[in-house]
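Chain residues, written in single-letter form:
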Amino acid sequence: MAQNICAVCTRMLRRQSAVISQTYSASPKGCARTFMTTRPRRDDGAIPSVTPRTTKHASKSDAQTLGLDFKRLLANKQTVTYSSFGVTELLYKECAKQASYTIPKPEDEDVEMPKTADGEDLGVGEGWWHTELGLQPTFSTWSQVTMLHLYVLSARFRNIGTMDAQPFQQHLLDHFFYDAEHRMAVNHNMTARGTRNKYLKDLYVQWRGLIAAYDEGIFKGDAVLAAAIWRNIFKAKEDVDIKGLAMIVSYTRRLLSRLDALSDEALASEKLEFGNPTDEEKVVNIRSAMLDLPFTASEKSVSPAGPPAGKQI
């Protein structure tokens, strides 16, 4: 086949090869490119020798650079997403245990579960919220008390400056709804997924309304905050324990103040414990100075629109 190639084609190929070689030889030294082929794989399984590089000792500036790189790594959204999951899991467990309850399993499966007057499953619970405040150990009580503590943490997460607050708020809320669905299935025998989704949607609507109500109470004063807590936790019942309601209001204010005093790093690293509103009894028992004033004098000193200008509450 090689003998059939014409002489004209052979001369053209030789000219092109000569032009290409002249072009590369005339190119600048900096523009020259070298092509390397990969080395053949070693079949003997031996590891090739590596000559270590000589490095200088780390200085103080190098340590500072590493510290800045580590902070940039923490500021990465992907890193914050994973770290916030573990942090919020511990925080949620502290919120969920405040008014926790259990549903005892009857020996006879045909025995109906105890119910409240409103038709809710009645369980067994301990702690201040059940024993001293008198709230019934039900799913509704647990969810409302848990959401009160979730609100306090969410309000603090809004003020996170060095980290993105959105993953913390989202993971905290996800832990709550995962646990709520688990309790529906295990404690209350809601095996149908459609039924659980219906209750979860109602619970989410309650959470959104709760945020707006508690935000308004924090801004406008203790009376508005007490009304919001009365509607959610006490279900707007007329025979509410006024002293217990006042203790919850003071307890909520104290939690917000203590969380605000913590730095962002401490909030994400320390194990927090809320305690219970028992410590607020001393504050609630303090007699208000307004009770000693005549009713007409109190009306003149405090207008319905709020305190006089220039004075702090």
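Residues numbered from 1 in each chain as written. Predicted model: local features only at pLDDT ≥ 70, side-chain atom pairs only at ≥ 80, totals over all residues. Heavy atoms only, no water.

Caption draft 1: Looking closely at the overall build of the chain. The helix and strand inventory of the chain stands at twelve helices and two strands. Helices and strands appear in the chain in the N-to-C order α-α-α-β-β-α-α-α-α-α-α-α-α-α. Within the chain, the proportion of its 313 residues that are buried is 32%. Long-range contacts, defined here as pairs at least 24 residues apart, represent 64% of the contacts in the chain between residues at least 6 apart. Taken as a whole, the chain presents about 22,400 Å² of accessible surface, with 56% of it coming from carbon and sulfur. (Helix = DSSP H or I, 4+ residues; strand = E, 2+ residues; numbered from the N terminus. Buried < 20%, exposed > 50% of the residue type's maximum accessible area, 1.4 Å probe, protein only. Contact = heavy atoms within 4.5 Å. Areas by Shrake-Rupley, 256 points an atom, 1.4 Å probe, with all protein chains shown as cover.)

Caption draft 2: Just the side chain of Thr-138, in detail. Inspection of the secondary structure puts Thr-138 in the loop between helix 4 (128-132) and helix 5 (139-157). Its relative accessible area of 1% is what places Thr-138 among the buried residues. Not counting chain neighbours up to four residues away, the residues in contact with Thr-138 comprise Tyr-101, Thr-116, Glu-120, Asp-121 and Leu-122.

Caption draft 3: Inspection of helix 7 (residues 193-220) at higher detail. Taking 1.5 Å per residue as the helical rise, helix 7 with its 28 residues ought to reach 40 Å, and the 40 Å between its terminal C-alpha atoms agrees with that figure. Those residues of helix 7 not exposed but buried are Arg-196, Leu-200, Leu-203, Trp-207, Leu-210, Ile-211, Ala-213, Tyr-214 and Gly-217. Against the buried residues of helix 7 lie helix 5, helix 6 (165-186), helix 8 (222-232) and helix 9 (242-261). Two residues or fewer past helix 7, Gly-221 is found with a positive phi of approximately 140°. (Expected span 1.5 Å × (residues − 1).)

Caption draft 4: Local environment of unusual backbone geometry. One non-glycine residue, Lys-235, adopts positive backbone phi at about 55°. Within the secondary structure, Lys-235 sits in the loop between helix 8 and helix 9.

Caption draft 5: Structural context of the nonpolar core. One finds Trp-129, Tyr-214, Ile-229 and Phe-234 to be the most contacted residues of the largest nonpolar core, which totals 58 residues. Within the residue set of this core, elements represented by two or more residues are helix 3 (77-96), helix 4, helix 5, helix 6, helix 7, helix 8 and helix 9. Broken down by element, the residue count for this core peaks at eleven residues, all from helix 5. Apart from the residues lying within four places of it in its own chain, the contact partners of Phe-234 are Leu-133, Leu-135, Ile-229, Val-240, Leu-245 and Ile-248. (Core = buried A, V, L, I, M, F, W, Y, C linked by side-chain atoms within 4.5 Å.)

Caption draft 6: Molecular detail of the pattern of salt bridges. All chains considered together, the criterion is met by eleven salt bridges. For Asp-121, the salt bridge identified is with Lys-115, shortest N-O distance 2.4 Å. For Asp-121, a relative accessible area of 13% translates into the label buried. A salt bridge links Asp-222 to Arg-253, with the nearest nitrogen and oxygen atoms 2.9 Å apart. (Salt bridge = Lys/Arg side-chain N within 4 Å of Asp/Glu carboxyl O.)

It is worth stressing that arrangement in space is one thing and function is another; only the former is reported here.
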